[in-house]
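The residues making up each chain are set out below.
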Amino acid sequence: LCFICLRRKRRPGEPPLVSGWIPFLGRALDFGRDAQAFLQEQRRRHGDVFTVHLAGKYLTFILDPLLYPSVVRQGRQLDFHQFADTVAPPTFGYPPVRKGFPGLSEQIIRSFQLMQGEHLGVLTESMMGPERGRRHEGMEDMREDFQRFDRMFPLLIAQVPIGLLGRTRAVRSKLIDRFLPDRMSSWTGTSQLIKTRSKLLEQHASLRDTDKGAHHFAILWASVGNTVPACFWVLYFLLRDPEALQAVRQEVLEVLRQSGGEFSPEKDLALSREQLDSMVLLESSISEGLRLSSASTNIRVSQEDFSLRLDAEHSVSVRKGDVIALYPQSMHMDPDIYQDPQSFRYDRFVQDGRVKTDFYKSGQKLKFFLMPFGSGTSMCPGRYFAVNEIKQFLSLVLLYLDLDLQPGQNRVSLDYGRAGLGILLPNADVRFHYRLRAASQSP
Ligand code: HEM
């Protein structure tokens, strides 16, 4: 009875409300099972804008991508960083940044510029440099710990206390310990980004060494948590499509040839930023892989009661503390925008030899059509670096190796355990054969 009395009621001007019968949880279980299917079902019933009660919060989903700009440009009333500062610190194990450390949040955001513009070239090229020093010792052990932590990541983001998650706290401490200032001081070949972050963390006397380590650990997670599954998907889709594989390999060989460097398996290979930029088919394959595998939610928290203007005719009332959510997977899978959206088409994002950027819905050109990296204030600062790294990885694999999927396996599909948080993992392992390619071999 108490629950029924306390249940939220839709007010005039508010979007349709989807609330379940389970107190607190609302529709969290349905959403967690298959977010995309759940949202499509609600869209059929209520249209493109509706509010869902999920685990104690009210999220207003805006599913029409033509309306995305109205949310992305709405900076004053809709905030991302407050939400990030509630969720990230307990997940990675550092104290909230905005409350206790004046200026730190702004310093951290500024440091992200070291992954872009003029800095991107150095960072990208350093990825292909030979290993120096003893920094990569114990990587296998670290990878296992990372995976253990990563499996718990959705629960930590959902704010389940780490004490309830078995050995997760101990695993996280081991990972954080690798980034204690004493240990990092003996590293060589450290990027400007990491050096700058170490320095700025040093300026805050009340941060303990483990807090600093936890900040570095968060960057480790951000830099590989999505990039590794993205590499997997693009390679997997290419292996399933021999024509695509051949075309992309041909492009990589051609780019090398044009810059005067024949490929030879005996020589170390370095690909410059300019060479990577000219690989449009590879870039399109990556965009297509990201389109098919990403399921992030773009979250903004309303700072006050206000009326959110969606377009010339429509506005919705939003309450303070409510969340406005974009779920780009529904756009990525929209047949009106992407013909035959379930298939991998390696050249979908190429037109006349250039990167294609015009996509339409209901005859109108979309400002946002591919959003694996988020949007506006919460857009991934590592996005250019990430695409370059994936290009480097795939170029190396395609140049050095011949790969085939082992016959008789079922196709793997997306595991929705991480829906809302980035690139989804595959729901099973994939077995493949590989052998070294000869220098003279045709694509
Ligand atoms: C944030 C996606 C690779 C660093 C984000 C966000 C997304 C995203 C969706 C926004 C999160 C949100 O809205 O809550 C991806 C994908 C990647 C990738 C799909 C690879 C395919 C990288 C790499 C780095 C990186 C290589 C390099 C260190 C970050 C950081 C943030 C972030 C630091 C937080 C920014 C902030 O708090 O303002 N990423 N990312 N990401 N990403 Fe990436």
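Keep in mind the model is a prediction, meaning the values are calculated, not measured.

Rules of the game
Residues numbered from 1 in each chain as written. Predicted model: local features only at pLDDT ≥ 70, side-chain atom pairs only at ≥ 80, totals over all residues. Heavy atoms only, no water. Donors = N, O, S within 2.8 Å, 3.2 Å for Na, K, Ca; no water. Helix = DSSP H or I, 4+ residues; strand = E, 2+ residues; numbered from the N terminus. Near = heavy atom within 4 Å. Polar contact = N/O pair within 3.5 Å; in protein donor to acceptor, adjacent residues only side chain to side chain. pLDDT = per-residue confidence, 0-100. Contact = heavy atoms within 4.5 Å. Buried < 20%, exposed > 50% of the residue type's maximum accessible area, 1.4 Å probe, protein only. Phe/Tyr/Trp six-rings, centres within 6.5 Å; stacked < 30°, edge-to-face > 60°. Pairing = 2+ DSSP bridges. Axes fitted to C-alpha atoms, helices over the stretch in contact; angles between N-to-C directions. Salt bridge = Lys/Arg side-chain N within 4 Å of Asp/Glu carboxyl O.

S.K.: Sorry if this is basic, but what is going on with the coordination of the iron atom of the ligand here?
M.R.: Angles between donor atoms at a metal ideally measure 109.5 degrees for a four-coordinate tetrahedral arrangement and either 90 or 180 degrees for a six-coordinate octahedral one. No protein donor other than C380 (SG) coordinates the iron atom of the ligand, and that contact is at 2.3 Å. The topology assignment puts C380 in the loop between β13 (364–365) and α19 (383–400).

S.K.: Quick question: what am I supposed to make of the site of the ligand here?
M.R.: The full set close to the ligand counts 20 residues, and F80, A222, F373, S378 and C380 are the nearest of them. Within the side chain of S378, one N or O atom sits 3.4 Å away from an oxygen atom of the ligand. If you list the elements that add at least two residues to the shell around the ligand, you get α13 (209–224), α14 (227–239) and α19. No other element matches α13, which puts three residues into the shell around the ligand.

S.K.: Before we go on, may I ask you to explain the confidence of the model for the chain in this structure?
M.R.: Reading predicted coordinates in detail is not appropriate for stretches of low pLDDT. Looking at the chain, pLDDT values average 91 and 96% of them are 70 or higher. When the criterion is pLDDT under 50, residues 1–5 qualifies, and its contacts beyond four places in sequence or with other chains add up to four contacts. This complex was scored by the predictor with a pTM of 0.94 and an ipTM of 0.98.

S.K.: Sorry, what's going on with unusual backbone geometry here?
M.R.: Residues other than glycine predominantly adopt negative phi, and peptide bonds predominantly adopt the trans conformation. One non-glycine residue, Q159, adopts positive backbone phi at about 70°. Considering the arrangement of structural elements, one finds Q159 in the loop between α9 (139–157) and α10 (168–177). Judged by its relative accessible area of 42%, Q159 is partly exposed. Of note, D340 is a non-glycine position whose phi angle comes to about 50°, a positive value. You can see D340 is positioned in the loop between α18 (329–332) and β10 (350–351).

S.K.: When you look at the packing of aromatic side chains in this model, what are you seeing that I'm missing?
M.R.: Note on aromatic pairs: each is described by the distance of the centres and the angle between the planes. One pass over the full model with this rule turns up 23 aromatic pairs. Between F149 and F217 the ring centres are 4.9 Å apart and the planes differ by 75°, which places this aromatic pair in the edge-to-face class. Residue F149 is located in helix α9, and its partner F217 is located in helix α13; the two are separated by 68 residues in the primary sequence. Per residue, the accessibility class of F149 equals that of F217, and both read buried. Plain terms: the ring middles of W233 and F237 are 5.6 Å apart, the flat faces sit at 25° to each other, and that makes the pair stacked.

S.K.: I'm lost on the side chain of N298 in this one. Help?
M.R.: When you line up the elements, N298 lands in strand β6 (residues 298–302). Of the residues examined, N298 reaches a relative accessible area of 3% and is grouped as buried. A polar contact of 2.6 Å, which involves the side chain of N298, links it to the side chain of S375. Beyond its immediate stretch of four places on either side in the chain, N298 contacts I324, A325, L326, P328, M371, G374 and S375.

S.K.: How should the sheet that holds strand β1 (residues 17–18) be read in this particular structure?
M.R.: The strands making up a sheet are joined through hydrogen bonds of the backbone, oriented either antiparallel or parallel. Spatially, six strands are ordered β1-β2-β3-β9-β6-β4 in an open sheet, and the strand pairing comes out mixed. A strand with exactly one partner marks an edge of an open sheet, and here the two such strands are β1 and β4 (78–79). Inspection of the sheet shows β4 paired to β6 by two bridges, in the antiparallel sense. The residue bridging D79 from the neighbouring strand is V301, located in β6. Across the sheet, helix α3 (residues 35–46) touches β1, β2 (49–54) and β3 (57–62), and the angle it forms with β2 is around 130°.

S.K.: Hey, could you run me through the pattern of salt bridges in this one?
M.R.: Close approach of charged atoms allows side chains of opposite charge to pair. In the structure shown here, the tally under the stated rule is 26 salt bridges. Between R319 and E14 there is a salt bridge, with the nearest N and O atoms lying 2.6 Å from each other. Linking R319 in the loop between β8 (315–318) and β9 (323–326) with E14 in the loop between α1 (2–6) and β1, this pair joins segments that are 305 residues apart in sequence. Residue class for E14 comes out buried when judged on its relative accessible area of 6%. The salt bridge partner of D334 is K361, with a shortest N-O separation of 2.7 Å. Taken together, the residues D334 in the loop between α18 and β10 and K361 in strand β12 (residues 360–361) connect sequence positions 27 residues apart. Across the pair, K361 and D334 agree in class, each one buried. Each member of the salt-bridge network shares a partner with another, and the members are D141, E144, D145, R148, K174 and R178.

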